[in-house]
Amino acid sequence: ENEAVIYIMLEDMTSNRLDATTDLFDSYCINTPFDCISTCSLVEYDEKTSSAMFLIQITQCEEQIIENDKLTFSVTEILSGKYQYDDTLPELDLHNMSTDPKTQKEVNLRGSSYLGEEPDWESLTYLAADGEMLYSPVEGVSITAMGFVNNQLHIQVYYEDILRTDNHGYVYFMKDDQEKIMSEYSVGFWDEERCGSFEEYVFNLSPEDLSGYELYGKFTTCNTRIDGNWQVTFPLKTEE
């Protein structure tokens with residue numbers, strides 16, 4: 001009817017750069033002769049052939065998909081060698097954080113998110129990193145500043161070269177086996193070269209609230225990127 005399911009196999013003909021973490025970095029494009037909603041996700045990796053299979057699901061918005069309608073799938077950027085860190089950040093001293101850290105108002109905003117009530121973004125103050133990282137739990141991710149601003153705990157993380165590596169993540173608190181304490185809001189802003197991103201996580205926590213809690217980080221990094229221009233065009237078939 002109005003749904004199509006397609007499998008696309010990517011195979012590395014040069015070396016073994018693909019792996020079970022292969023990601024198309026949102027660089028893929030699906031061209032159809034009709035308006036549609038589509039998704040693409042990795043479903044299988046074959047280590048013997050260094051090939052990755054992706055599932056494309058397409059839903060025609062209004063009408064039935066016509067047999068032999070042609071579709072073109074293309075991709076220009078492939079990431080692999082992804083690594084995920086999800087553990088404590090033991091090198092950070094939570095009990096001696098500044099209550100009067102260096103701050104800044106003017107930043108090159110990249111994005112934001114929040115839980116509950118939306119903050120007054122124009123009035124926010126951010127930590128000013130002094131150029132030295134406090135701790136790097138994994139290559140490509142660094143904790144650059146920590147402190148209390150306006151009675152809220154700010155933790156600033158720098159993600160290196162995000163336009164090429166898609167490095168990303170977040171920090172959170174946990175005590176024993178209790179529920180995670182997430183930031184009330186976070187704000188991302190570019191570095192001077194507009195290549196890496198600072199992400200500032202803000203918690204409604206006081207120094208007293210931190211007793212017994214541990215700080216965790218969950219980060220995803222990447223060490224391999226493949227650039228090119230691959231595409232395939234084929235007709236859609238109807239199965240009875």
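Preceding this paragraph is the structure being described.
What comes next concerns the included structure. (Residues numbered from 1 in each chain as written. Predicted model: local features only at pLDDT ≥ 70, side-chain atom pairs only at ≥ 80, totals over all residues. Heavy atoms only, no water.)

## As for the overall build of the protein chain
Step number 1: Across its full length, the protein chain carries 1 helix and 15 strands.
Step number 2: In terms of C-alpha radius of gyration, the protein chain reaches 22 Å, well past the compact-globule figure of 18 Å for 240 residues.
Step number 3: For the protein chain, the spread of C-alpha atoms along the three principal axes comes to 65 × 40 × 40 Å.
Step number 4: The buried share of the protein chain, taken over its 240 residues, is 42%.
Step number 5: Taking contacts inside the protein chain between residues at least 6 apart in sequence as the whole, the part at least 24 apart equals 74%.
Step number 6: Only carbon and sulfur atoms are counted for the fraction: they give 42% of the accessible area of the protein chain, which is about 14,300 Å².
Step number 7: Counting 14 positive and 47 negative side-chain charges, the protein chain places the averaged centre of each group 5 Å from the other. (Helix = DSSP H or I, 4+ residues; strand = E, 2+ residues; numbered from the N terminus. Rg over C-alpha atoms; globule rule 2.2 N^0.38 Å. Buried < 20%, exposed > 50% of the residue type's maximum accessible area, 1.4 Å probe, protein only. Contact = heavy atoms within 4.5 Å. Areas by Shrake-Rupley, 256 points an atom, 1.4 Å probe, with all protein chains shown as cover. Lys, Arg positive; Asp, Glu negative; His and termini not counted. Charge placed at Lys NZ, Arg CZ, Asp CG, Glu CD.)

## A closer look at the pairing of strand β4 (residues 51-60)
Step number 1: With 8 of 10 residues buried, β4 lies mostly within the body of the structure.
Step number 2: Summarising the sheet, strand β1 (residues 3-11) and β4 pair through 9 bridges and their orientation is antiparallel. Note on β4: the bridge partner recorded for glutamate 3 is threonine 59.
Step number 3: Relative to β4, strand β3 (residues 36-46) is paired through 10 bridges, and the arrangement is antiparallel. (Pairing = 2+ DSSP bridges.)

## Describing a negative patch on the surface
Step number 1: A surface patch of negative charge is lined by Asp86, Asp87, Asp176, Asp177 and Glu214.
Step number 2: Inspection of the secondary structure assignment puts aspartate 87 in strand β5 (residues 70-88).
Step number 3: Look at aspartate 87 and you get partly exposed, because its relative accessible area is 39%. (Patch = residues over 30% accessible without salt bridge, like charges linked within 9 Å, V, L, I, M, F, W, Y side chains within 5 Å. Salt bridge = Lys/Arg side-chain N within 4 Å of Asp/Glu carboxyl O.)

## So, the nonpolar core
Step number 1: In this structure, Leu89, Ile143, Ile155, Val171, Phe173, Leu215 and Phe219 are the most contacted members of the largest nonpolar core, which totals 25 residues.
Step number 2: Put simply, the parts of the chain that give this core at least two residues each are β9 (135-138), β10 (141-149), β11 (152-159), β12 (168-174), β14 (197-203) and β15 (214-235).
Step number 3: Within the second largest apolar cluster, 21 residues are counted, among which are Ile6, Leu10, Cys40 and Ile56. (Core = buried A, V, L, I, M, F, W, Y, C linked by side-chain atoms within 4.5 Å.)

## What to know about the environment of tyrosine 7
Step number 1: By the secondary structure assignment, tyrosine 7 is in strand β1.
Step number 2: For tyrosine 7, a relative accessible area of 52% corresponds to the exposed category.
Step number 3: Sequence-wise, tyrosine 7 and leucine 55 are 48 residues apart; in three dimensions their C-alpha atoms are separated by 4.8 Å.
Step number 4: Excluding its chain neighbours within four sequence positions, the residues that come into contact with tyrosine 7 are Val43, Met53, Phe54 and Leu55.

## Observations regarding the packing of aromatic side chains
Step number 1: By the definition in use, this model includes 11 aromatic pairs.
Step number 2: Plain terms: the ring middles of tryptophan 121 and tyrosine 185 are 5.8 Å apart, the flat faces sit at 90° to each other, and that makes the pair edge-to-face. With tryptophan 121 in the loop between β7 (109-114) and β8 (126-127) and tyrosine 185 in strand β13 (residues 185-190), the pair connects residues that are 64 residues apart, well separated along the chain.
Step number 3: The class of tryptophan 121 is partly exposed, set by a relative accessible area of 21%.
Step number 4: Note on tyrosine 170 and tyrosine 172: the rings are 5.8 Å apart at their centroids and 45° apart in plane angle, and the pair reads as tilted.
Step number 5: You can call tyrosine 172 buried: its relative accessible area is 3%.
Step number 6: Taken together, the aromatic side chains of Tyr126, Tyr158, Phe189 and Phe198 make up a single cluster linked through ring pairs.
Step number 7: Seen from the ring of tryptophan 190, arginine 110 lies directly overhead, with NZ or CZ sitting 5.6 Å from the centre. (Phe/Tyr/Trp six-rings, centres within 6.5 Å; stacked < 30°, edge-to-face > 60°. Lys NZ or Arg CZ within 6 Å of the ring centre and 35° of its normal.)

## Focus: the sheet that holds β13
Step number 1: Here 6 strands make up an open sheet; going across it, the order is β7-β13-β14-β11-β10-β9 and the pairing antiparallel. The sheet terminates laterally at β7 and β9, the two strands that pair on one side only. In this sheet, neighbouring strand axes are inclined to one another by 25° on average, regardless of whether the strands run parallel or antiparallel.
Step number 2: Two elements, β9 and β10, share 2 bridges in a ladder whose sense is antiparallel. Note that in β10 the partner of valine 138 across the bridge is valine 141. (Axes fitted to C-alpha atoms, helices over the stretch in contact; angles between N-to-C directions.)

Purely geometric stuff here, so don't read any function into it on its own.
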